[in-house]
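# Coordinate inspection notes
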Amino acid sequence: MSIVDELFEKAKAARTMAYAPYSNFLVGAAILTTDGKVFCGCNVENGAYPEGVCAEGGAISAMVLGGSRKIAEVVVIGDADNCSPCGGCRQKLSEFAGPDVKVHIANLDGIRRTLTVAELLPAGFVLKEDKA
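Residues numbered from 1 in each chain as written. Predicted model: local features only at pLDDT ≥ 70, side-chain atom pairs only at ≥ 80, totals over all residues. Heavy atoms only, no water.

Let me state the cut-off plainly: UniProt positions are given in the numbering used here, feature names are shortened, and annotations may be inferred rather than shown by experiment.
Labelled according to an unreviewed UniProt entry, the protein chain appears under the name Cytidine deaminase, originating from Roseibium aestuarii. Check the Function (unreviewed entry) section of the UniProt entry for the protein chain; it says "This enzyme scavenges exogenous and endogenous cytidine and 2'-deoxycytidine for UMP synthesis." For the record of the protein chain, the UniProt heading Sequence similarities (unreviewed entry) holds the text "Belongs to the cytidine and deoxycytidylate deaminase family."

As structure tokens, then:
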């Protein structure tokens with residue numbers, strides 16, 4: 001099984017745990033870090049819309065809590081053929097991933113499209129590195 005296949009299966013499992021009573025649109029994400037760890041997230045909606053959490057944001061929060069900071073690869077899965085990360089999640093991904101990191105967009109049948117972080121967010125906000 002390839003790493004993308006493994007991430008797909010983990011994202012698919014995470015998707016089943018989503019809390020989406022308003023949209024009924026379940027999303028899962030799995031992130032591989034450069035230190036070889038995998039972190040998952042699912043969307044969690046809230047009645048104070050749009051104060052929910054996207055699957056990618058949940059996975060990034062788990063990654064940071066787990067002590068990792070660099071993303072190597074991502075899979076996002078939803079019911080649609082093009083369950084692409086929202087604008088906010090694109091920026092969140094770019095905070096922790098280089099421009100060439102692959103983001104695989106999938107539905108329940110498999111990967112439908114692969115884009116780099118730079119393709120998802122060509123003009124993202126980038127912090128200057130501390131030179132001290």
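Okay, back to it.
### Here we look at the layout of surface pockets
Here is the rule: Think of a 1 Å grid over the protein atoms and nothing else: a 1.4 Å probe that fits but is trapped marks a cavity, an open set flanked by protein within 12 Å on at least five of seven lines marks a pocket, and residues with an atom within 4 Å of a point count as lining. Grid points are joined across faces, edges and corners, and a volume is the space filled by probe spheres set on the points. In the scheme used here, Gly and all other residues not listed as nonpolar or charged are polar, with Ala, Val, Leu, Ile, Met, Phe, Trp, Tyr, Cys and Pro taken as nonpolar and Asp, Glu, Lys and Arg as charged.
As a volume, the second largest pocket reaches approximately 350 Å³. Forming the boundary of the second largest pocket are 19 residues, of which Val27, Asn43, Glu45, Val53 and Cys54 lie nearest the centre. Considering only residue class, the lining of the second largest pocket consists of 11 nonpolar, 5 polar and 3 charged.

### Section: the sheet that holds strand E3 (residues 71–77)
To keep things clear, this is the line we draw: At least two DSSP bridges between two strands are required for those strands to pair. What counts as a helix is a DSSP run of H or I of at least four residues, what counts as a strand is a run of E of at least two, and both are numbered from the N terminus. Comment: axis = line fitted to C-alpha atoms, over the contacting stretch for helices; angle = value between 0 and 180 degrees taken between N-to-C directions. Two residues form a contact once any of their heavy atoms are found within 4.5 Å.
Strands sit in the order E2-E1-E3-E4-E5 across an open sheet of 5 strands; the sheet is mixed. Two strands close off the open sheet at either side, each with one partner strand: strand E2 (38–42) and strand E5 (110–116). Each neighbouring strand pair of the sheet contributes to a mean axis angle of 20°, computed without reference to strand direction. Sitting on the sheet, helix H2 (residues 55–65) is in contact with strand E1 (28–33), E2 and E3, with an inclination near 140° to E2.

### Some words on the nonpolar core
Test applied: For the purposes of this section, nonpolar cores are sets of buried Ala, Val, Leu, Ile, Met, Phe, Trp, Tyr and Cys residues that join through side-chain atoms within 4.5 Å. Relative accessible area decides the class of each residue, using a 1.4 Å probe on protein chains only: under 20% of the type maximum gives buried, over 50% gives exposed, and in between gives partly exposed.
If you look at the biggest cluster of nonpolar residues, it comprises 20 residues, and the most contacted ones within it are Ile31, Ile71, Val74, Val76 and Val103. If you list the elements that add at least two residues to this core, you get E1, H2, E3, strand E4 (97–107) and helix H4 (117–120). The residues contacting Val74, other than those within four sequence positions of it, are Ala30, Ile31, Leu93, Lys102, Val103 and His104. Listed in part, the 9 residues of the second largest apolar core include Phe8, Ala30, Val75 and Ala106.

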